[in-house]
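# A structural walkthrough
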Amino acid sequence: MDALLKRLISDPLDFTAEDAGAAAALIMANKATPAQIGAFLVALKLTNKEHDPQYISAIAAAMRDAAVRVDPALVAAANTFNVSTAAGIVAAGAGCFVAKHGNRAASSMCGSADVLEALSCKITNTTPENIPSMLEHGRFCFLFAQSFHPAMKYVSLPRKEIGVRTVFNILGPLTNPARPSRMVVGVHSAFLGQPMAEALHLTGVRSGWVVNGAMGLDEIAPCGPTHVWSIAEDGTITHSSITPADFGLPEHPLDAVAGGKLAHENAAIMRRLLGGEIDDAAAAAADHPDKAILDFVLMNAAALIFVDRKADSLKAAVEVARESIRSGRARAALAAFVEATTK
């Protein structure tokens with residue numbers, strides 16, 4: 001690690017992506033001290049390498065290699081995805097195979113893991129062995145990052161003490177142990193869109209979207225434009241912009257889709273959403289306050305459905321997502337995952 005750090009700090013132009021991957025591998029193997037880890041992360045930032053797709057993908061590969069192994073042959077046929085939780089469950093009900101990779105809340109009060117636990121899922125019971133059956137029977141599974149990336153414990157304290165964003169803040173989508181071939185990924189800032197799309201392609205993603213919504217959302221925004229970087233199977237990346245109108249849906253203010261602050265509050269909203277209660281209420285009254293949440297989820301689920309080619313337009317994809325809810329298939333996808341993790 002000493003030699004790699006010296007090269008990065010003294011001769012950054014000679015520090016390659018392979019060097020970055022080698023350093024990350026040493027960190028994941030607990031062969032670097034906290035001081036060395038902190039120096040590595042800060043040096044990557046100061047040399048502007050932490051947003052270079054080659055370096056991002058090399059570090060992600062090292063992190064993924066150190067993860068609990070999921071046999072790609074067992075899940076490859078599923079064309080798995082990694083998207084926001086509610087949209088992912090709706091997409092699973094629409095026939096997509098969804099492997100959600102996430103964690104508990106860090107900067108907010110409720111993360112993906114928190115809300116799934118509030119929905120009675122035993123997220124630590126997802127294992128490499130039962131992922132294929134989960135996808136086969138319910139088309140949805142959740143890979144809890146702390147369970148699948150035990151080596152990240154070596155990085156947690158230096159990251160906390162540094163107190164600034166590092167390359168590890170953007171590695172989540174790139175380190176899904178299920179190695180999805182198609183993805184819809186959100187980034188918090190537009191400047192990350194292109195490098196994230198390039199890094200996804202370098203790590204094996206065949207097609208997908210990277211999105212950045214208005215006001216810094218890492219999802220498709222309920223109002224205003226959303227940047228989209230579309231990854232084609234040949235590696236071509238195309239940047240465009242979409243709005244709710246492209247989905248045939250109205251705009252809603254951001255505060256209308258805030259949801260609850262606590263896990264049990266968001267779980268209650270999700271139960272009503274997947275159970276069709278919000279859809280029924282919105283159909284009865286166009287100005288129903290929960291319609292904004294419904295449209296927000298429909299848009300983000302529709303993006304995944306469109307990327308999976310289960311609809312030939314965004315507007316058609318919205319109707320596929322809506323039918324997933326109305327038919328009860330979205331609720332069944334969640335129920336199957338709950339059953340699989342609790343039996």
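Reference entry: report on the structure contained in this document.

What counts and how
Residues numbered from 1 in each chain as written. Predicted model: local features only at pLDDT ≥ 70, side-chain atom pairs only at ≥ 80, totals over all residues. Heavy atoms only, no water. Phe/Tyr/Trp six-rings, centres within 6.5 Å; stacked < 30°, edge-to-face > 60°. Helix = DSSP H or I, 4+ residues; strand = E, 2+ residues; numbered from the N terminus. Buried < 20%, exposed > 50% of the residue type's maximum accessible area, 1.4 Å probe, protein only. 1 Å grid on protein atoms, 1.4 Å probe; cavity = no way out; pocket = protein on both sides within 12 Å on 5 of 7 lines; lining within 4 Å. Points joined across faces, edges and corners; volume = space filled by probe spheres on them. Nonpolar A, V, L, I, M, F, W, Y, C, P; charged D, E, K, R; others polar. Polar contact = N/O pair within 3.5 Å; in protein donor to acceptor, adjacent residues only side chain to side chain. Contact = heavy atoms within 4.5 Å. Core = buried A, V, L, I, M, F, W, Y, C linked by side-chain atoms within 4.5 Å.

The tally for this structure, following the rule as stated, stands at three aromatic pairs. On the numbers, 6.5 Å between centres and 15 degrees between planes, the contact of F15 with Y55 is stacked. Placement of the pair is F15 in the loop between α1 (2–10) and α2 (17–28) and Y55 in helix α4 (residues 53–65), with a sequence separation of 40 residues. With a relative accessible area of 1%, F15 lands in the buried category. Each ring, one from F140 and one from F337, has its centre 5.4 Å from the other, and the planes form 90 degrees; the classification is edge-to-face. On the criterion of sequence distance, the pair formed by F140 in strand β2 (residues 140–144) and F337 in helix α16 (residues 329–342) is long-range, its members being 197 residues apart.

Glancing now at empty space enclosed by the protein. Applying the stated criterion across every chain, the model contains one cavity of 30 Å³ or more. Taken as a whole, the largest cavity encloses approximately 50 Å³ of empty space. Along its surface, the largest cavity is lined by R64, P173, L174, T175, N176, R179, P180, M183, L200, T203 and V205. For the lining of the largest cavity, a count of residues per class yields six nonpolar, three polar and two charged.

Looking now at the side chain of T126. Here T126 lies in the loop between α7 (112–118) and α8 (131–138). Engagement of the side chain of T126 in a polar contact is seen with the backbone oxygen of F142, the distance being 3.1 Å. When residues no more than four places from it in sequence are discounted, the contact partners of T126 are I131, M134, F142, F148, F337 and T341.

Among the nonpolar cores identified, the biggest contains 69 residues, and L116, W209 and F247 are the most heavily contacted of them. The contacts of L116, once residues within four sequence positions are left out, are T85, C121, I123, F140, F142 and L334. Of all hydrophobic cores here, the second largest spans 44 residues; its members include I27, M152, V167 and V185.

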